[in-house]
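# Inside the fold
Spelled out, the chains give:
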Amino acid sequence: MIKFFLMVNKQGQTRLSRYYEHVEINKRTVLEAEVIKNCLSRSKDECSFVEYKDFKLVYRQYAALFIVVGIDQTENEMAVYELIHNFVEVLDKYFSRVVSETESVTKYFFS
């Protein structure tokens, strides 16, 4: 099961966050900071799956954008990895150049 979905730029700023389980606002900030630090500090040669506390992180980088999905231990990492890619492809077809214009996409969906 997906616990959360984050879109983050290279500077570590969260551009979009969506939680599918209740997490208090103050804990979200701490969680996002730790997750971002874990994912952004990894090199491109390392695996895109990270064990973190009681769940797994699956992430992909597209230009200056990182998409991070938090999942439980029973979820298939490769399926979520492909889900991220399919999500970006759909956004790219719908908006064109979505990776470079992430802010306009998030404004459209969440304004």
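This text goes with the structure placed above it.
Rules behind the numbers
- Residues numbered from 1 in each chain as written.
- Predicted model: local features only at pLDDT ≥ 70, side-chain atom pairs only at ≥ 80, totals over all residues.
- Heavy atoms only, no water.
- Pairing = 2+ DSSP bridges.
- Helix = DSSP H or I, 4+ residues; strand = E, 2+ residues; numbered from the N terminus.
- Axes fitted to C-alpha atoms, helices over the stretch in contact; angles between N-to-C directions.
- Contact = heavy atoms within 4.5 Å.
- Expected span 1.5 Å × (residues − 1).
- Buried < 20%, exposed > 50% of the residue type's maximum accessible area, 1.4 Å probe, protein only.
- Arc of directions from axis to C-beta.
- Salt bridge = Lys/Arg side-chain N within 4 Å of Asp/Glu carboxyl O.

## Examining the sheet that holds strand E1 (residues 2-9)
- Across the sheet, which stays open at both edges, the five strands sit in the order E2-E1-E5-E4-E3 with antiparallel pairing between neighbours. With one partner strand each, in any of the chains shown, strand E2 (14-19) and strand E3 (49-52) form the two edges of the open sheet. Neighbouring strand axes in the sheet, compared pairwise and without regard to direction, differ in orientation by 20° on average.
- Where E3 meets strand E4 (residues 55-62), four bridges bridge the pair, whose relative direction is antiparallel. Looking at E4, one finds that Glu51 is bridged to Lys56.

## What about the environment of Phe55?
- One can find Phe55 in strand E4.
- Residue contacts for Phe55: discarding those within four places in its chain leaves Lys3, Phe4, Leu31, Val50, Gly70, Ile71, Asp72 and Gln73.

## Let's talk about helix H1 (residues 25-40)
- Between its first and last C-alpha, H1 extends 22 Å over 16 residues, near the 22 Å set by a 1.5 Å rise per residue.
- Buried within H1 we find Leu31, Glu32, Val35, Ile36 and Cys39. Seen from one end, H1 has its buried residues packed into an arc of 130°, which puts them on one side. Turned more than 90 degrees off the buried face of H1, the exposed positions are Asn26, Lys27, Thr29 and Lys37.
- Where the residues of H1 are buried, they touch E1, E2, E3, E4 and strand E5 (65-71).

## Overview of the pattern of salt bridges
- Enumeration over the complete set of coordinates arrives at four salt bridges.
- Note that Glu34 and Lys53 form a salt bridge whose closest N and O atoms lie 3.4 Å from each other. Pair noted here: Glu34 is in helix H1 and Lys53 is in the loop between E3 and E4, with a separation of 19 residues, a long-range link.
- Since its relative accessible area comes to 64%, Lys53 is described here as exposed.
- One salt bridge in this structure joins Lys56 and Glu77, with 2.7 Å as the shortest N-O distance. You can see Lys56 sitting in strand E4 and its partner Glu77 sitting in helix H2 (residues 77-95), a full 21 residues away along the chain.

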